[in-house]
Amino acid sequence: MKKISIGLKGWMMCIYGLLAVFASTAFKDSMNVAVMDFGELYGWDRTYMLSLQSFGAITFAALSFLLGLLIAKGRIKIRPLILFSGILYAVTIGLWGIVSNLTLFTFFYCLMTVGYSVWMYQANSTLFANWYPRKVGYVMGIVTIGFAAGSAFGSVLYSILREAVGFRMTYIIYGILVLAITFWGFFGFTEYPEECGRFPDNDKNFSREKAAAELAELKAEEATSPWQIGRVLKCPQMWCIGVSIGVLVLVASGSMGQMVVRFMMGGIPLESAVKLMMIVGLANGIGSYLFGLLDSMTNVSVAIKTCLTFMVAACLLFSVNSYVTMVIGACMIGVSLGAASNFSPSIVMEHWDRRSFNKVYSTTVVIQQGIGAFGAVTVANLAASASYSFAFRILAVACVGALIWFFTLKKGFAKKYEEKFAAEDAA
């Protein structure tokens, strides 16, 4: 087994990323329990509230395409994006306990989704890929343990704070914590390691002069990458990647935010359901690390195929209204979803090089999030019209389809396309 070293700065970045992911998961997924408080306080419909995640994700998908274009063209830098998106998330999550008008709440919820999604999926993920282009799978495996911690302790944290300081103050505290993490990310890290005298992948074999020269060369290459947005969109392999990971995001958005309610509909009391989320969160953390390690030790394609296969079984087990099968299925979902967010930057870096990363990644993220946007509303409405059992059987079928398509993906396609583009440009 090869040794993986990311250095002290790398571990600080991992801790920052883990905290950002925790805040993005635990705070907004408090809707798992808070949906009942919103119903008692304002009489808001449970199905509608559980569907809000989809409304927000659709808003993000629409805006992120434009944002991706601006990032790819160098019009938006990563550090200011970290600052802006983090502040947006902080302000809007803080308003959860203040806004009592449902239309206004929906508007701020959509803005909140844009904030935390850009923060996690575009700003922070790009930062990690810039610093660790070959080790990004390992780094993301550590960072996304924050999903596990958020899933495990989010409902418990909300319940404790709700009891201690009240409904309104709970969300104000959440906003303050997000601000603190955001400022760390903005002031603590540069966009590229070379800008602060460090090295990509913590490879100290580079001299500082060589690292600076390679950074300048990289920026020049990014400007001339043959992968323009139009070409990216015409690449069927890119769609295969985007849709396959998008299905995992679909399951993530459709399950974790409604898991407490699903447990309750299956006959498990609220108090027990909240405690079970801690077990699911632990499974999430294990999956996040192990799939990140599998990515680094083999390749990300193997990890994605394994994850999709695991998810099929997980959804089928979770669809059965039995305590044992629901708990096993939920833990398996946790293991699989702990890995889902690891894959996006790693799979792009595997098939494309560092100079084309921003242009390709920004497009695949739009596809993934566009598909994932329908997870919450799909599960909530299928559950309302039929049952949660039926909803999770449908998710299992979607994972089977994604797995079959992903098996058609072969290595080397990006290089062949670049040779074709070079011939076209020379003509």
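Bear in mind the structure is a predicted one, so any value in this text is a computation, not a measurement.

Chemist: Explanation requested: the overall build of the protein in the structure shown.
Modeler: Check the secondary structure of the protein and you find 20 helices and zero strands. Compactness check: the protein gives a C-alpha radius of gyration of 21 Å against a globular reference of 22 Å for 427 residues, within 12% of the reference. Counting only C-alpha atoms and orienting by the principal axes, one finds that the protein spans roughly 65 × 45 × 40 Å. Considering only contacts within the protein whose residues lie at least 6 apart along the sequence, 83% involve residues at least 24 apart.

Chemist: Please explain the pattern of salt bridges as it appears in this structure.
Modeler: Side-chain pairs of opposite charge can arise whenever the charged atoms involved come near each other. Per the counting criterion, the structure on display carries four salt bridges. For aspartate 29, the salt bridge goes to lysine 28, with nearest N and O atoms at 3.0 Å. Taking the relative accessible area as the measure of exposure, lysine 28 reaches 9% and is therefore buried. Residue lysine 275 is joined to glutamate 271 by a salt bridge in which the shortest nitrogen-to-oxygen separation is 3.5 Å. Of this pair, lysine 275 and glutamate 271 both sit in helix 13 (residues 270-297), separated by four residues, roughly a single helical turn.

Chemist: Is there a simple way to explain the environment of phenylalanine 343 in this structure?
Modeler: For phenylalanine 343, the location among the structural elements is in helix 16 (residues 343-351). According to the relative accessible area criterion, phenylalanine 343 is buried, its value standing at 0%. Separated by 43 residues in the primary sequence, phenylalanine 343 and valine 300 place their C-alpha atoms 6.7 Å from one another. Those residues within four positions of phenylalanine 343 in sequence are excluded, and the remaining contacts are Ile245, Leu248, Phe291, Val300, Ala303, Ile304 and Cys307.

Thresholds applied
- Residues numbered from 1 in each chain as written.
- Predicted model: local features only at pLDDT ≥ 70, side-chain atom pairs only at ≥ 80, totals over all residues.
- Heavy atoms only, no water.
- Helix = DSSP H or I, 4+ residues; strand = E, 2+ residues; numbered from the N terminus.
- Rg over C-alpha atoms; globule rule 2.2 N^0.38 Å.
- Contact = heavy atoms within 4.5 Å.
- Salt bridge = Lys/Arg side-chain N within 4 Å of Asp/Glu carboxyl O.
- Buried < 20%, exposed > 50% of the residue type's maximum accessible area, 1.4 Å probe, protein only.

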